[in-house]
Amino acid sequence: MSNNTDKTTLRENAEAELDNKLEPAAPTDVDEQTPQQERQSLHEFQVRALELEAENRKLKEALEALEESRDHYANLFDFAPAGYLTLDEHGVIKEINLTAAGMLARERPALIGLPFVRFIAKADQKKFSNHLSQSRCERRSLTTELRLVGKGGWHLPVEMHTSSMRDSRHYVFYRTVLTDISERLLVRTALDQSRRQLEQNVSERTAALQENRQLEAEVAERKRLEAELRQRMQELADADRHKDEFMAMLAHELRNPLAAIVNATELMRRKPSGHQHLYDWACRVIKDQTAHLAHLLDDLLDVARVTQGKIVLDQATIDLRTVVSQAVEANRALLEDRRHRLNVRVPPEPVWVQGDSTRCVQIVGNLIHNAAKFTEVEGEIEVVLDTEADDAVVRVRDNGTGISTELLPRIFEPFTQEDRSLARSRGGLGIGLSLVKKLVELHHGRVEVASQGPGQGSEFTVRLPWMKMHLSSRKHSEKVQDSGLSAADQYVLVVDDNVSSADSLSTLLGAYGYQVQVAYDGKEALDRGRERAPDVVLLDIGMPQMDGYEVARRMREDPRLTGTRLIAISGYGQEEDRQRSREAGFDHHLVKPVDIDVLLDLLGSRQP
């Protein structure tokens, strides 16, 4: 129905444009002699030509946006912590990311087309050739260790993980991942030295104690030291294994959405005529996968910030009923996609706690998301809010895969997952529950888990200090400032030194009816502000010469701009960045990529 409507609208616009181009003229003898069918065919041809021109313009704009998105996420591949290469069947470099080029201490363009064996230590070149041959013959992924040779002749020990594949023409090629293992070898060497030293000490001590009455006690001490050494070696080995598993999971989680984005981009690049639904599907895929990548990076950053003690809670008195409602809505799409039956039970009276509303929604939302992900399709999930003694209690129950007794004590540790194959199929890095525990503890609460075992479901319980006083008369929800103006009445100034980012945001807001102008640096923004006072300024922070903080301070000093709202749109999103924004005079701080729905709410109009 949507495709028919779009085609009808496109045709109507084309006919209107054709009518404007053609000036009315008196009929001539030739016109009267021209058959009606030929005149109608000519008209149809002209209308169709205009339709195709309009379609081409839309396709060009969509392709430019997709290429920009693809370039943005290709940077994630280039700056990954591991080196990635593509080798042809002869071991010649066809593709290489910046990390791998850095390992070879050379510029990337200079490496393309060179045999990779040239950069391997001579003693390891035969091992490399055998490694490729074995991967090709056995048709599976293999791992080996070898040394790379840099410009100065220095050696860099790496772990090489290779998979052999065939392209569309059935030619063999290799995907290779390089991981710097210098620190691992140092640890291994130190452990070997410590083990040898400890064995030597134990042996000498044992020999000296053979003639001593305390021989039995000293032998027991030796066994204790050996057990401690084995434990320490096992702990280090486990830590190294967890690091490798995390790197593999991270690469997996990044490649999946990037693959979907690349496929959607390729579909739109090929421009299959008359398949508008395919373009709509591609746009949805790119938007969903971009949001997934942003959520993944946010979780990683949150874990790092909590671990380093850099998260500062925005404390307020909040009603947990609102928190539960927002958490459920945040996961509504996943719940509906998996057709779960959700039962939410909250008391009729407010349940007040002291905390950060956003972080509390993140806590409950992560538990609901975890339950939805690890419960089979058409499962049952229950969210219950209650009070017990001095605690406000939130319980999230499910009838999903459950948790083994071996995993229960470690379930809140970072990067912990029940089964690697299962975790890969369901996605995730194993950091959601760890983040829940740390955030709950920041709120002076605790989180517990219970499960009868695999296949028996699980129950997570969050307990936060309950504020029992009656606060019904207070306002506990923040409302976004509304300008009271419609989109057409608002003049918005977009300031960003990234031309593509500024122009795309300007085009998007223009489509929603806003009056938009663009400035590509701080000086130009101040000049445009003096020419005409904008209602809203969307201001990037990281600009050369004059950054966004300085521009905001100068605008706040200008009496003509007292009614202008300043919204920071930046790639910097830590708490200290938000604090600097407030000090510089910004009203709001949004992190790239900006959620357009949030931005439209701040502007005070959602009507395109």
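Predicted model only: the values in this text are computed from it and were never measured.

Looking at the nonpolar core
As a rule of thumb, nonpolar side chains are buried together in soluble globular proteins.
Point 1. Counting residues in each nonpolar core, the largest one holds 36 residues, and the members touching the most others are L320, V323, L367, I368, V440 and V462.
Point 2. Contributing elements (two or more residues each) for this core: α10 (320–330), α12 (357–373), β9 (380–388), β10 (391–398), α14 (432–442) and β12 (458–465).
Point 3. The dominant element in this core, judged by the number of residues it contributes, is α12, at eight residues.
Point 4. Leave out the neighbours within four places in its chain, and V323 touches I318, C360, V361 and V364.
Point 5. Core analysis: the second largest hydrophobic core is formed by 22 residues, I93, I96, L104 and F119 among them.

A short note on the packing of helix α17 (residues 548–557) against helix α18 (residues 575–584)
Point 1. The N-to-C vectors of α17 and α18 enclose an angle of 25°; their axes lie 8 Å apart at closest approach. The angle between α17 and α18 places the two elements in the roughly parallel class. Of α18, the residues touching α17 (which contributes Y549, A552, R553 and R556) are D577, R580, S581 and A584.
Point 2. Of the residues in the contact of α17 with α18, the class split is three nonpolar, one polar and four charged.

Details of the packing of helix α16 (residues 522–531) against α17
Point 1. At a minimum axis distance of 10 Å, the contact between α16 and α17 shows a crossing angle of 20°. As far as their axial angle goes, α17 and α16 are roughly parallel. Both α16 and α17 take part in a crossing whose hand is right-handed. Together, G522, A525 and L526 of α16 and V551, R554 and M555 of α17 make up the contact between the two elements.
Point 2. Tallied by class, residues from the contact of α16 with α17 come to four nonpolar, one polar and one charged.

Comments concerning α14
Point 1. For α14, every residue scored as buried is listed here: L433, S434, L435, V436, L439 and V440.
Point 2. The positive-phi residue at the C-terminal boundary of α14 is H444, with phi of around 60°.

Comments concerning the pattern of salt bridges
Point 1. The tally for this structure, following the rule as stated, stands at 32 salt bridges.
Point 2. R321 serves as the salt-bridge partner of D319, at 2.9 Å between the closest nitrogen and oxygen.
Point 3. For D319, a relative accessible area of 8% corresponds to the buried category.
Point 4. Judged by its relative accessible area of 26%, R321 is partly exposed.
Point 5. Notably, a salt bridge pairs D527 with K523, separated by 3.3 Å at the nearest N-O pair. Taken together, the residues D527 and K523, both in helix α16 and four residues apart, mark about one turn of the helix.
Point 6. For K523, a relative accessible area of 56% gives the class exposed.
Point 7. Several salt bridges converge on common partners, so that one network encompasses R345, E382, E388, D391, R395, R397, R446, E448, E459 and R463.

Conventions used here
- Residues numbered from 1 in each chain as written.
- Predicted model: local features only at pLDDT ≥ 70, side-chain atom pairs only at ≥ 80, totals over all residues.
- Heavy atoms only, no water.
- Core = buried A, V, L, I, M, F, W, Y, C linked by side-chain atoms within 4.5 Å.
- Buried < 20%, exposed > 50% of the residue type's maximum accessible area, 1.4 Å probe, protein only.
- Helix = DSSP H or I, 4+ residues; strand = E, 2+ residues; numbered from the N terminus.
- Contact = heavy atoms within 4.5 Å.
- Axes fitted to C-alpha atoms, helices over the stretch in contact; angles between N-to-C directions.
- Parallel < 35°, antiparallel > 145°, perpendicular 65-115°, else oblique.
- Nonpolar A, V, L, I, M, F, W, Y, C, P; charged D, E, K, R; others polar.
- Left-handed = near helix turned anticlockwise from the far one by under 90°.
- Salt bridge = Lys/Arg side-chain N within 4 Å of Asp/Glu carboxyl O.

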